[in-house]
Amino acid sequence: MRMVITEDPAEAAEFIKKGGICAFPTETVYGLGAGIFDETAIARIFAAKGRPADNPLIAHVSSTDQIAQLSSEVTQSARKLIDAFFPGPLTVVVVKAPCVPLLATAGLDTIGIRMPALPLARRFIGFCGTPVVAPSANLSGRPSPTTWEAVREDLDGRIDCILKSDATEIGLESTVVDCTGISPLLLRKGSISIEQLRKEVPEIEDHELREDGSARSPGMKHRHYSPDADVIILEKDTEIVSPGISAFIGLKRPEVTFALERICRSVDEYAKSLFAFFRECDAKQIKSIYCEAVEESGIGAALMDRLRRASEH
Ligand code: TXA
Ligand code: MG
């Protein structure tokens, strides 16, 4: 299949309107979109990514007016978070409207909704004319794409179009909060931190700290964010083995010399660079990637979450 690469959001939206699937940038990572009411196109998203059928998709809207099409049960906590953080890197999970296909939500009666901050993403969704469901535009299990080239690397020949723009600003996926229960649950950490969320809704709980550990977010149980190389979190007493075929990413220049090194000036820059660095390491057949541990506050908590998941297998 020939894949079109364009910088024109109206041209990219034509593919969605004709029943196709198209990758587009957001402020977090690139997404792979289909019209939310188009079950054939949604099925193609799962096939193109090799995504497990039990992992639900996020619905992306161009304006808060579109939320009413997706849910008539926006709880008070959801409303507060929407007012405070939309548009932005936050996904709010609420009970879905009957018209939202179960294919999009992997059979769940809830739907994750997000309004991207990136103006180009909202223009694209606006041209599509309906909300756009989109997972990250990577092959399932690989690091999320933060550049259009990473999308091409994974999905060339499997999708109709890439809406091309710059590298994404944040580089980690959105914060996900389930607002359907009595106390809202943080399901996935992102650049909007739990401290920021609790300023609006103090009772939000961190799903990971709950005893039952049940998978309220089906996606979090799947393997994620992994390069082919082994990921090792570098703490003070970590032993470094064969740096000559290994890579380093972090804030402080290490004492030993690695085959590939990326020194970041801030935790924000570290988060923004991580997934592209993982891909670069794989392209250069690096064996192990040593990733410096950072303090778990603000985006540092999301960064450590991704590092742990990548190091877990
Ligand atoms: O930043 C992002 O969120 C990016 C961009 C493209 O918007 N999208 C993204 O999508 O990361 P994806 O599909 O790779 O991750 C979606 C996550 C998964 O962990 C999924 O299980 C969870 O959100 N999720 C989606 N709908 C849900 C629902 N109804 N209930 C619980 N979790 C849900
Ligand atoms: Mg993903």
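In this text the structure is predicted, and so the values were computed from the model without any measurement. Per-chain numbering applies: the sequence of each chain, read as written, is numbered from 1 onward. Going through the entries in the order they are written, you letter the chains from A and number the ligands from 1. Only residues with pLDDT of 70 or above have their local features reported here, since the model is predicted, and side-chain atom pairs are shown and tallied only from 80 upward, although totals for entire chains, interfaces and linings are computed over all residues. Remark: hydrogens and water are excluded; side-chain values derive from all non-hydrogen atoms of the structure.

Notes on the sheet that holds strand 12 (residues 230-234)
Taking strand neighbours across the sheet as the criterion, the four strands line up as 12-15-13-14 in an open arrangement whose pairing is parallel. Of all strands in the sheet, those bounded by a partner on one side alone are strand 12 and strand 14 (260-263). This sheet shows a mean twist of 15° between the axes of neighbouring strands, independent of strand direction. Two strands qualify as a pair provided that DSSP identifies no fewer than 2 bridges between them. Numbered from the N terminus, helices here are DSSP runs of H or I no shorter than four residues, and strands are runs of E no shorter than two. Where strand 13 (residues 246-250) and strand 15 (residues 288-292) come together, four bridges link them in parallel fashion. Bridge pairing in strand 15 links Ser 246 to Ser 288. Here an axis means a line fitted to C-alpha atoms, over the contact stretch when the element is a helix, while the angle between two N-to-C directions is reported on a 0 to 180 degree scale.

Topic: the state of the cysteines
Cysteine sulfur atoms that come within 2.5 Å of each other are treated as a disulfide pair. In total, this model carries zero disulfides according to the counting rule given. Between Cys 161, a cysteine without a disulfide, and Cys 22, which holds the nearest cysteine sulfur, the sulfur-to-sulfur distance is 3.6 Å. Given the relative accessible area of 0%, Cys 161 is considered buried. Left without a disulfide partner, Cys 179 is nearest to the cysteine sulfur of Cys 99, which lies 20 Å away. Owing to a relative accessible area of 0%, Cys 179 belongs among the buried residues under this scheme. Only protein chains enter the area calculation, which uses a 1.4 Å probe; residues under 20% of their type maximum are buried, those over 50% are exposed, and those in between are partly exposed.

A closer look at the pattern of salt bridges
A carboxyl oxygen of Asp or Glu within 4 Å of a side-chain nitrogen of Lys or Arg is what we treat as a salt bridge. All told, the structure shown has 22 salt bridges when counted by the stated rule. A salt bridge links Arg 44 to Asp 160; the nearest nitrogen and oxygen atoms lie 3.0 Å apart. With Arg 44 in helix 2 (residues 39-49) and Asp 160 in the loop between helix 6 (148-155) and strand 8 (161-163), the pair connects residues that are 116 residues apart, well separated along the chain. We classify Arg 44 as partly exposed; its relative accessible area is 27%. Residues Asp 305 and Arg 309 are paired through a salt bridge, measuring 3.1 Å at the closest nitrogen-oxygen approach. Here Arg 309 and Asp 305 lie together in helix 9 (residues 299-311), a separation of four residues that amounts to about one turn. Neither Asp 305 nor Arg 309 differs from the other in exposure class; each is buried.

What about helix 5 (residues 119-128)?
Buried within helix 5 are the following residues: Leu 120, Ala 121, Phe 124, Ile 125 and Cys 128. End-on, the buried residues of helix 5 take up no more than an arc of 135°, which puts them together on one face. Along its buried surface, helix 5 packs onto helix 1 (9-17), strand 2 (22-24), strand 4 (58-60), strand 7 (132-134) and strand 8. Phi turns positive, to about 85°, at Gly 129, one or two residues after helix 5. By definition, the arc is the one covered by directions from the helix axis to the C-beta atoms. By definition in these notes, contact holds between two residues if any of their heavy atoms fall within 4.5 Å.

Side note on the packing of helix 8 (residues 267-283) against helix 9
Direction vectors running N to C along helix 8 and helix 9 enclose 25°, while the axes themselves pass 9 Å from each other. For the element pair helix 8 / helix 9, the angle class is roughly parallel. The handedness of the crossing between helix 8 and helix 9 comes out as left-handed. Counting all contacts with helix 8, which are made through Val 267, Asp 268, Tyr 270, Ala 271, Leu 274, Phe 275 and Phe 278, the residues of helix 9 involved are Ile 299, Gly 300, Leu 303, Arg 306, Leu 307 and Ala 310. Looking at the contact of helix 8 with helix 9 residue by residue, the class counts come to 10 nonpolar, one polar and two charged. Every angle not falling under 35 degrees, over 145, or within 65 to 115 is termed oblique; those three ranges are roughly parallel, roughly antiparallel and roughly perpendicular. Should the near helix be turned anticlockwise from the far one by less than a right angle, the crossing is termed left-handed; should it be turned clockwise, right-handed. Residue type decides the class: Asp, Glu, Lys and Arg count as charged, Ala, Val, Leu, Ile, Met, Phe, Trp, Tyr, Cys and Pro as nonpolar, and the leftover types, Gly among them, as polar.

Description of the sheet that holds strand 11 (residues 205-206)
The 11 strands are arranged 1-8-2-3-7-4-6-5-9-10-11 in an open sheet whose pairing can be described as mixed. Unpaired on one side and paired on the other, strand 1 (4-6) and strand 11 mark the two borders of the sheet. Sheet analysis places strand 5 (residues 90-95) next to strand 9 (residues 175-178), joined by four bridges and oriented parallel. Bridge pairing links Val 93 to Asp 178 in strand 9. Together, strand 5 and strand 9 form the strand contacts of helix 4 (residues 76-85), whose direction differs from that of strand 5 by roughly 155°.

Things to note about helix 8
Expected helix span is given by 1.5 Å per residue-to-residue step, counting one fewer step than there are residues. The terminal C-alpha atoms of helix 8, which comprises 17 residues, lie 24 Å apart, in line with the 24 Å expected from a rise of 1.5 Å per residue. One axis is fitted to the seven residues ending at the residue and one to the seven starting there. The bend at that residue is the angle between these axes. Its maximal kink placed at Leu 274, helix 8 deviates by approximately 45°. Those residues of helix 8 that sit buried are Glu 269, Tyr 270, Ala 271, Ser 273, Leu 274, Phe 275, Phe 277, Phe 278, Arg 279, Cys 281 and Asp 282. Looking at the residues trailing helix 8, positive phi occurs at Gln 285, about 55°.

Re the pairing of strand 9
Here strand 9 shows two buried faces, one formed by Thr 175 and Val 177 and the other by Val 176 and Asp 178. In terms of strand pairing, strand 9 meets strand 10 (residues 185-188) through three bridges, oriented antiparallel. Residue pairing in the sheet places Val 176 in a bridge with Arg 188 of strand 10. Connecting the antiparallel pair strand 9 and strand 10 is a turn made up of six residues.

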